[in-house]
Amino acid sequence: MLSRRLLRGFGILKYEARFLSTAVKKEAENEKVVFEKKRPEVFELDGRKHKTDDVWNLSPAVRHLLNRRILREQSNPLNLLKQRIINYVHQTYRKAGNRSPLFTICENEPRIVTNFQNFDSLLTPENHVSRRPSDTYYINSNECLRAHTSAHQHSLMKQGLDAFLVIGDVYRRDEVDRTHYPCFHQIEGVRLYSKDELFGKSENPAEIFSKNEERNKEKQGVHTYDAVRVAEIQLKEFLENLCDELFGKDCQKRWIDAYFPFTHPSFELEVFYNGQWLEVLGCGIMEQEILESAGVRDKIGWAFGIGLERIAMVLYGIPDIRLFWSKDSGFVSQFAGKTPEDEVKYKEISAHPQVIFDVSFFLPENVQFNDMTSDVYDVIRTIGGELVEQVKLTDEFENKKKGKKSQTYRIVYRSHEKALTKDEVNFYYGRMITISSTPC
Ligand code: DAH
């Protein structure tokens, strides 16, 4: 019955068809893509100007990536995941009295950092591979694109923060494959504890620091076994609970011993997912020397670093890291309008181009906008079948004087088998018009 109304509605039509290729061309023209090969004298990023020198090695491609902030795009899955983690941490960890979140969120740190921030402050050895220009993007001999969010640990502690998450895009000259991309996204977590915060207030609390002890596999020389044990339990609990939140309560996890220049002891957490062990993060007890050089003298701390792409690929079933950068509405529409806590499983889209048609019609008298929509979806799917990838209501208009309502829908066609031609799509489109004009 309802669909009859719809089909009648199709009788009055204006349409425009557009091909994706034209749309893409336009988009490229509009976007200010700076494909400049030459080294600029001055490079401006995040509101700051930086002088370049001969060490400069930013490719046009990475400069292009810097312009796009996909972590800030509403329906990007990385944004959803980021927000889900923030929501969880904010709800779970509160300041005494429960009135405000414990962790400060730092999302706006400048992406060009000094070599000191990226390497030295974190005790990265002088000859470490990560310092090579073949691994890191340098602006000049003293500044680079941050290669990890750890680069902000030192300055944020120096500013007085005791518990924070640093979130952002990081850049590495990495291999090219399904899971590596020159730009990816990380969350860094740091938490510092005073003696009271670590052991609780008591008359005879244990100590954080010990004198004249040896550094060994389990701890740094300056720490007591008690302090490391408690901090390690807190760290592991924080991260295991976060993984339960993301992957489900019963997910299998295992801790692996690891090495990082900035933590000791260090660990990696692996999660068993879809039949294999997956490394999801690195962490450890922060080297006390880093705290000291940031002016923190009486606290012990832990830190961790999570790669967001890795987790999002698993959680949402996204098979290729390049998809996070896709502007194809076949991808974007699957995440649009979702909340961070929604379960979304990505359905693979076709590699063939889309063909887009807009369809507008007047609603039969006395039919409300809402009543029309789901019937429109049904009918379009019935006629267009598997070739219809998306249908979206794009406009509604009511002419109160004439008592007429109209709606416009955008239909995106795409085949899994071949590139559709306009004529083929016209065939389906024609059928819609024919059926809709037939009295029913
Ligand atoms: N910065 C490391 C990386 O990018 C990740 C990491 C490991 C961060 C251990 C940490 C940590 O804070 O404690 O691979």
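This report concerns the structure included in the present document. All values reported here derive from a predicted model rather than from experimental measurement. (Residues numbered from 1 in each chain as written. Predicted model: local features only at pLDDT ≥ 70, side-chain atom pairs only at ≥ 80, totals over all residues. Heavy atoms only, no water.)

## Overview of the site of the ligand
- The environment of the ligand is formed by 15 residues, the closest being His-148, Ser-150, Arg-172, Gln-186 and Glu-188.
- A distance of 2.9 Å separates a nitrogen atom of the ligand from a polar atom in the side chain of Ser-150.
- Residue Gln-153 places a side-chain N or O atom 3.4 Å away from an oxygen atom belonging to the ligand.
- A total of 350 Å² of accessible area belongs to the ligand in isolation, and the protein chains cover 88% of it.
- Judged by the fraction of its atoms near the pocket grid, the ligand is located in the largest pocket.
- For the shell around the ligand, the secondary structure elements donating two or more residues are strand S9 (183-193), strand S12 (276-286) and strand S13 (300-307).
- Among the residues making up the shell around the ligand, the classes are represented as 5 nonpolar, 8 polar and 2 charged. (Near = heavy atom within 4 Å. Polar contact = N/O pair within 3.5 Å; in protein donor to acceptor, adjacent residues only side chain to side chain. Areas by Shrake-Rupley, 256 points an atom, 1.4 Å probe, with all protein chains shown as cover. 1 Å grid on protein atoms, 1.4 Å probe; cavity = no way out; pocket = protein on both sides within 12 Å on 5 of 7 lines; lining within 4 Å. Sits in = over half its atoms within 2 Å of the grid points. Helix = DSSP H or I, 4+ residues; strand = E, 2+ residues; numbered from the N terminus. Nonpolar A, V, L, I, M, F, W, Y, C, P; charged D, E, K, R; others polar.)

## Considering the pairing of strand S16 (residues 404-413)
- In terms of burial, S16 is a largely internal element, 8 of the 10 residues being buried.
- Pairing geometry for strand S15 (residues 388-399) and S16, over 10 bridges, is antiparallel. When the sheet's bridge partners are listed, Gln-390 is paired in S16 with Val-412.
- In this antiparallel pair of consecutive strands, S15 and S16, the connection spans 4 residues, and Gly-403 shows a positive phi of 70°. (Buried < 20%, exposed > 50% of the residue type's maximum accessible area, 1.4 Å probe, protein only. Pairing = 2+ DSSP bridges.)

## A few points about the side chain of Lys-405
- Within the element layout of this structure, Lys-405 appears in strand S16.
- One buried charged side chain, Lys-405, makes no salt bridge at all; its nearest oppositely charged neighbour is Glu-398, positioned 4.5 Å away.
- Within the structure, Lys-405 has its side chain in polar contact with the backbone oxygen of Val-367 (distance 3.1 Å).
- Contacts of Lys-405, omitting those with residues within four sequence positions, involve Phe-361, Phe-362, Leu-363, Val-367, Gln-368, Phe-369, Phe-397 and Glu-398. (Lys, Arg positive; Asp, Glu negative; His and termini not counted. Salt bridge = Lys/Arg side-chain N within 4 Å of Asp/Glu carboxyl O. Contact = heavy atoms within 4.5 Å.)

## Considerations on the sheet that holds S12
- Pairing is mixed across the open sheet formed by 7 strands, whose spatial order is S4-S8-S9-S13-S12-S11-S10. Of all strands in the sheet, those bounded by a partner on one side alone are strand S4 (104-106) and strand S10 (252-260). Adjacent strand axes in the sheet meet at a mean angle of 20° when their direction is disregarded.
- Across 9 bridges, the pairing between strand S11 (residues 263-273) and S12 is antiparallel. Across the sheet, the residue bridging to Val-271 is Leu-278, located in S12.
- Set on the sheet, helix H8 (residues 225-247) makes contact with S9, S10, S11, S12 and S13; between it and S13 the angle comes to about 25°.
- Sitting on the sheet, helix H10 (residues 308-316) touches S9, S11, S12 and S13, and the angle it makes with S13 is about 55°. (Axes fitted to C-alpha atoms, helices over the stretch in contact; angles between N-to-C directions.)

## Here we look at the nonpolar core
- Leu-145 and Phe-247 are the most contacted members of the largest nonpolar core, which has 73 residues in total.
- Ranked by residues supplied to this core, first place goes to H8 with 10 residues. (Core = buried A, V, L, I, M, F, W, Y, C linked by side-chain atoms within 4.5 Å.)

## Description of the packing of aromatic side chains
- Under the counting rule described, the total for this entry stands at 19 aromatic pairs.
- Pairing Phe-357 with Tyr-413 gives two aromatic rings, centres 5.9 Å apart and planes at 85°, and the pair type is edge-to-face. Taken together, the positions of Phe-357 in strand S14 (residues 355-362) and Tyr-413 in strand S16 put the pair 56 residues apart, joining distant regions of the chain. Just as Phe-357 is buried, Tyr-413 falls in that class too.
- Over the face of the ring belonging to Trp-255 we find Lys-236, whose NZ or CZ atom lies 5.3 Å from the ring centre. (Phe/Tyr/Trp six-rings, centres within 6.5 Å; stacked < 30°, edge-to-face > 60°. Lys NZ or Arg CZ within 6 Å of the ring centre and 35° of its normal.)

## Observations regarding helix H12 (residues 369-384)
- Relative to the 22 Å expected for 16 residues at 1.5 Å per residue, H12 spans 22 Å between its end C-alpha atoms, a close match to the ideal helical length.
- Buried within H12 we find Phe-369, Met-372, Thr-373, Asp-375, Val-376, Val-379, Ile-380, Ile-383 and Gly-384.
- Positive phi shows up at Gly-385, right after H12, with a value of about 55°. (Expected span 1.5 Å × (residues − 1).)

## Description of the layout of surface pockets
- For the largest pocket, the calculated volume is near 1100 Å³.
- Arg-172, Phe-184, Gln-186, Phe-260 and Glu-279 are the residues nearest the centre of the largest pocket, which is lined by 42 residues in total.
- Mapped by element, the contributors of at least two residues to the lining of the largest pocket are S9, S11, S12, S13 and H10.
- Take the lining of the largest pocket: its biggest share by element is 6 residues, from S12.
- Looking at the lining of the largest pocket residue by residue, the classes come out as 16 nonpolar, 16 polar and 10 charged.
- The dominant element in the lining of the second largest pocket, judged by the number of residues it contributes, is S15, at 6 residues. (Points joined across faces, edges and corners; volume = space filled by probe spheres on them.)

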